[in-house]
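Observations on the three-dimensional arrangement
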Amino acid sequence: MPIQIALRGRLRVLAATLAFTGCLGPGTAAAAAALPAAGLDPQEQALCTQINAYRASKGLGRLTVSPALTRAADWMSTDMAAHDYFDHTDSRGRSTPVRIRTFGFRDATMGENLAGGNADAAATFAQWKAEPEHRRGMLRASYRVIGIGRAYAADTMLGWYWTTTFGAGGARGVAC
């Protein structure tokens, strides 16, 4: 049985790739063209806003959206949904740093949070905030940029798959 992946507001390049492979239905190109400059859908933007508000409440600087980190996060969420797994090692056997570098992010300091089962940003943020390791990831003072991606696949163990990727340096991204 084929797995259908319905993505919400991917980056233009990812949407075009998925439309080409038949994973997304009609209207994909128009929806991708309407995305904000950061390439995040409304729920992904909401998650970025929540993470930044949380960081501000702890006296930390805002994260901006990195295109390279967002491509890495999009790919990871899509891969987990397509292959029905939940792990920081992807379906190709790559670790987080190796995978993130594959998408063009070259800074030495990076990290990743994964979540699953939630369609909306509020539940995903609450899940990460409640877990010490994920909370530390969101609050790491050296992080300056973020990438966010989510994907949905029916008939998988979690349905929704979320990934945030973080980095310390590189080019400053777009505000969310």
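Residues numbered from 1 in each chain as written. Predicted model: local features only at pLDDT ≥ 70, side-chain atom pairs only at ≥ 80, totals over all residues. Heavy atoms only, no water.

1. A word on the environment of Leu60
Here Leu60 is to be found in the loop between helix 3 (42–57) and strand 2 (64–65). Given a relative accessible area of 21%, Leu60 falls into the partly exposed group. Separated by 79 residues in sequence, Leu60 and Leu139 have C-alpha atoms that sit 7.4 Å apart. Those residues in contact with Leu60, other than ones at most four positions away along the chain, are Arg55, Leu139 and Ala141. (Helix = DSSP H or I, 4+ residues; strand = E, 2+ residues; numbered from the N terminus. Buried < 20%, exposed > 50% of the residue type's maximum accessible area, 1.4 Å probe, protein only. Contact = heavy atoms within 4.5 Å.)

2. With respect to helix 6 (residues 121–129)
Every buried residue belonging to helix 6 is among Ala121, Thr124, Phe125 and Trp128, and all of these are buried. Projected onto a plane normal to the axis of helix 6, the buried residues spread over an arc of 100° and lie on a single side. Residues of helix 6 that are buried make contact with helix 3, strand 3 (110–116), helix 7 (132–139) and strand 5 (160–167). The opening residue of helix 6, the one whose side-chain oxygen lies 3.2 Å from the backbone nitrogen of Ala122, is Asp120. (Arc of directions from axis to C-beta. Polar contact = N/O pair within 3.5 Å; in protein donor to acceptor, adjacent residues only side chain to side chain.)

3. Thoughts on the packing of aromatic side chains
Taken as a whole and judged by the stated rule, the model has four aromatic pairs. Judged by centre distance (6.2 Å) and plane angle (45°), the ring pair of Trp75 and Phe103 falls under tilted. Residue Trp75 is found in helix 4 (residues 67–83), and its partner Phe103 is found in the loop between helix 5 (96–102) and strand 3; the two are separated by 28 residues along the sequence. An identical accessibility class is assigned to Trp75 and Phe103; each is buried. With a centroid separation of 5.1 Å and 10° between ring planes, the pair formed by Tyr143 and Phe166 is classed as stacked. Taken as a pair, Tyr143 in the loop between helix 7 and strand 4 (145–153) and Phe166 in strand 5 lie far apart in primary sequence, 23 residues in all. Each of the two residues, Tyr143 as well as Phe166, counts as buried. Here the basic side chain of Arg94 rests over the ring of Trp75, its NZ or CZ set 4.7 Å away from the ring centre. (Phe/Tyr/Trp six-rings, centres within 6.5 Å; stacked < 30°, edge-to-face > 60°. Lys NZ or Arg CZ within 6 Å of the ring centre and 35° of its normal.)

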